[in-house]
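# Architecture at a glance
Letter by letter, the chains look like this.
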Amino acid sequence: MSTDETPRERVHPDAPAIEIRDLHKSFGDHEVLKGISLTVRPGEVVCVIGPSGSGKSTLLRSVNLLEEPTSGQILIEGIDILDPEVDVDRVRTRIGMVFQQFNLFPHMTVLGNLCLAQQRVLGRSRAEAEQVARDNLVKVGLADREDAYPAHLSGGQQQRVAIARSLSMNPDMMLFDEPTSALDPELVGDVLEVMRTLAHEGMTMMVVTHEMGFAREVGSRLIFMDDGLVVEEGDPREVLANPQEPRTQAFLSKVL
Ligand SMILES: Nc1ncnc2c1ncn2[C@@H]1O[C@H](COP(=O)(O)OP(=O)(O)OP(=O)(O)O)[C@@H](O)[C@H]1O
Ligand SMILES: [Mg+2]
């Protein structure tokens, strides 16, 4: 049986982690993405900012086909995931996704939440899954909470469980959609710390965030989106300190 213990072949070893080419997405006659092209190389942390409704979530959701693009191309590790021949579910297991809402199963313990997809999707035994889960709980600082139910954890702890759950699938890359936006301010730091550690370990990440400090310190690149387009991108420190485009300037003057 082929399990996840088989080393994951990279079909195109030199390919970018994510390559998006001229991506368009409409809902009815509302065009939400108007031709996005961007590349994320292995180990990069690409932060995405922009006003509400600019298409950030739609872009992120398109990367693992939670949204089906209207046109354009999306290559994951060189594999064209819009090719009907490609097994999208298999590609998806390589991409972890963390949302604003944690989406933990309330009737399962932390350990149960971490084991479920490992067993169902990757075919790991319960014992294997628990071992992986425990390693990841250590990583997010929650080794002592494996028997807790989500309702007994703070929002920040729940989000760290959600991150550990994603990591337990051994993804090649992680997508974060405003992972700290639903949290009380005092809980944001612990979640960002986990993300910072992941970044330093070399995880490829795309992060939609309003945390400009995180983008500045951790981001390899910052992308400013407005109205379905990438308006400006560059080194986060430079974009934040010296935005070139009037729309970026206007946005940053409101949020910084
Ligand atoms: N399933 C959908 N059906 C119809 N319209 C949608 C759908 N999902 C998103 N939209 C619309 O697409 C546009 C972009 O939404 P999206 O959620 O990608 O923006 P965003 O940049 O993530 O905003 P926010 O900062 O508020 O999260 C919005 O106008 C939204 O109403
Ligand atoms: Mg959004």
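No experiment lies behind these values; they were computed from the predicted model shown.

At a minimum axis distance of 9 Å, the contact between helix 3 (residues 110-122) and helix 4 (residues 126-139) shows a crossing angle of 125°. With respect to helix 4, the axis of helix 3 lies oblique. Pair helix 3 / helix 4 crosses with right-handed handedness. From helix 3, Val110, Leu111, Gly112, Leu114, Cys115, Gln118 and Gln119 reach across to helix 4, where they touch Arg126, Glu128, Ala129, Glu130, Val132, Ala133, Arg134 and Leu137. Residue classes in the contact of helix 3 with helix 4 are distributed as eight nonpolar, three polar and four charged.

For the structure shown, the criterion picks out 17 salt bridges. With a shortest N-O distance of 3.6 Å, Arg134 and Glu130 are connected by a salt bridge. Residue Arg134 and its partner Glu130 are located together in helix 4, separated by four residues, close to a single helical turn. For the salt bridge of Asp226 with Arg247, the shortest nitrogen-to-oxygen distance reads 3.4 Å. Of this pair, Asp226 sits in strand 9 (residues 221-226) while Arg247 sits in helix 9 (residues 246-255); the two residues are 21 residues apart in sequence, bridging distant segments of the chain. Asp226 gets classed as buried once you look at its relative accessible area, which sits at 16%. According to the relative accessible area criterion, Arg247 is partly exposed, its value standing at 39%. Several salt bridges share partner residues, and in doing so they unite Arg41, Glu44, Arg221 and Glu233 into one network.

Moving on, we get to the environment of Gln131. Mapped onto the secondary structure, Gln131 falls in helix 4. Residue Gln131 is classed as partly exposed on the basis of its relative accessible area, which comes to 45%. For the pair Gln131 and Ser154, spaced 23 residues apart in sequence, the C-alpha separation works out to 24 Å.

This part takes up the sheet that holds strand 3 (residues 45-49). Read across the sheet, six strands follow the order 6-7-8-3-9-10 without closing on themselves; strand pairing throughout is mixed. Of all the strands in the sheet, just strand 6 (95-98) and strand 10 (229-234) have a single pairing partner and so form its edges. For this sheet the average axis-to-axis angle between neighbouring strands, irrespective of direction, equals 20°. As paired elements, strand 3 and strand 9 share four bridges and run parallel to each other. For Cys47, the partnering residue across the bridge sits in strand 9 and is Leu222. On top of the sheet, helix 5 (residues 155-167) reaches strand 6 and strand 7 (173-177); it is set at about 170° to strand 6, its chief contact.

Conventions adopted
- Residues numbered from 1 in each chain as written.
- Chains lettered and ligands numbered in written order.
- Predicted model: local features only at pLDDT ≥ 70, side-chain atom pairs only at ≥ 80, totals over all residues.
- Heavy atoms only, no water.
- Axes fitted to C-alpha atoms, helices over the stretch in contact; angles between N-to-C directions.
- Helix = DSSP H or I, 4+ residues; strand = E, 2+ residues; numbered from the N terminus.
- Parallel < 35°, antiparallel > 145°, perpendicular 65-115°, else oblique.
- Left-handed = near helix turned anticlockwise from the far one by under 90°.
- Contact = heavy atoms within 4.5 Å.
- Nonpolar A, V, L, I, M, F, W, Y, C, P; charged D, E, K, R; others polar.
- Salt bridge = Lys/Arg side-chain N within 4 Å of Asp/Glu carboxyl O.
- Buried < 20%, exposed > 50% of the residue type's maximum accessible area, 1.4 Å probe, protein only.
- Pairing = 2+ DSSP bridges.

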